[in-house]
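# Structure assessment
Each chain, written out:
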Amino acid sequence: ATGHMQRIDNRYLYHDLRINSGVSEMSGSLDIRANIGGYPRVEGELSSARLRLADLGARDAAKPATQNAGEGLRLPDTPMRLTGLRHLNWTLHLGVQQLEIGHDTLHSLSALLKVGHGIISLERVGGSLAQGQLSGNARFDATGEVAQGEVGLAASEVQLAQLSSKSDPPLS
């Protein structure tokens, strides 16, 4: 990661950020204000020309993404530490030209990511997939003992036959 940092009292400004992992890259800026309501507040924007989901997380991003035959896209087995989410206050504008998820690629993806006191939300999600359009939102609530989530997704004109991998039959 590279970038420039400027400190003004309890405020940290990061500009010209460049973050690489595997073949993925992101750039943007962050404004971090320490001790706002007891926790730091982070605002910013991140964008990417190409982001491969397999490059994110604990797995070695330098290795090519592999997927076992018959294994679909799934969530990682690593448990999520919910208590850490309860102390975050983030608002990020995200823009990704190509988001590679397994065998498929979302194009022109944009979203507003908010993380506040145990609640993660993706708002105003939009993008294109298989010549169609997607829009929606998601919310993950980790404020209680048991986390709960909900996803709302609308799709139009998506060509389902284009969503299969080379070894799977086409969807219809």
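A brief structural summary. Worth saying up front: this structure is predicted, and the values here are computed from it rather than measured.

## Examining the overall build of the protein chain
Helix and strand counts for the protein chain come out as 1 helix and 9 strands. Secondary structure elements in the protein chain, listed N-terminal to C-terminal, are β-β-β-β-α-β-β-β-β-β. In the protein chain, which comprises 172 residues, the proportion classed as buried is 26%. Carbon and sulfur atoms form 54% of the exposed surface of the protein chain, whose accessible area is close to 11600 Å².

## Some remarks on unusual backbone geometry
The phi torsion at Ala-130 lies on the positive side, around 50 degrees, for a residue other than glycine. Note on placement: Ala-130 falls in the loop between strand 7 (119–129) and strand 8 (132–141). On the accessibility criterion, Ala-130 (11% relative accessible area) is buried. Positive phi outside glycine occurs at Glu-157, with the angle close to 60 degrees. With respect to the helices and strands, the residue Glu-157 is situated in the segment after strand 9 (148–156).

## Details of the side chain of Ser-128
Topologically, Ser-128 is positioned in strand 7. When residues no more than four places from it in sequence are discounted, the contact partners of Ser-128 are Thr-105, Leu-106, His-107 and Gln-133.

## A closer look at the nonpolar core
Among soluble globular proteins, nonpolar side chains are generally buried collectively. In terms of nonpolar packing, the biggest core is built from 22 residues, with Leu-85, Leu-99 and Leu-129 touching the most fellow members. Broken down by secondary-structure element, the contributors of at least two residues to this core are strand 3 (24–36), strand 4 (39–52), helix 1 (82–85), strand 5 (89–101), strand 6 (104–116) and strand 7. For this core, the element with the most residues is strand 6, which contributes 4 residues.

What counts and what doesn't
- Positions within a chain are numbered from 1, following the residues in the order the chain's sequence is written.
- Where totals are concerned, whole chains, interfaces and linings use all residues; where local detail is concerned, this predicted model gives features only for residues with pLDDT of at least 70, and gives and counts side-chain atom pairs only at 80 or more.
- Derived side-chain values reflect all non-hydrogen atoms in the structure, with water molecules and hydrogen atoms excluded from consideration.
- In DSSP terms, a helix is any run of H or I states spanning at least four residues, a strand is any run of E spanning at least two, and both are numbered starting from the N terminus.
- Residue burial is assigned from relative accessible area. The probe radius is 1.4 Å, only protein chains are included, and a residue is buried under 20% of its type maximum, exposed over 50%, and partly exposed in between.
- Only the protein chains shown count as cover for residues, and all accessible areas are computed by the Shrake-Rupley method using a 1.4 Å probe.
- In what follows, a contact means two residues having at least one pair of non-hydrogen atoms within 4.5 Å.
- The definition of a nonpolar core used throughout is a set of buried Ala, Val, Leu, Ile, Met, Phe, Trp, Tyr and Cys residues joined through side-chain atoms within 4.5 Å.

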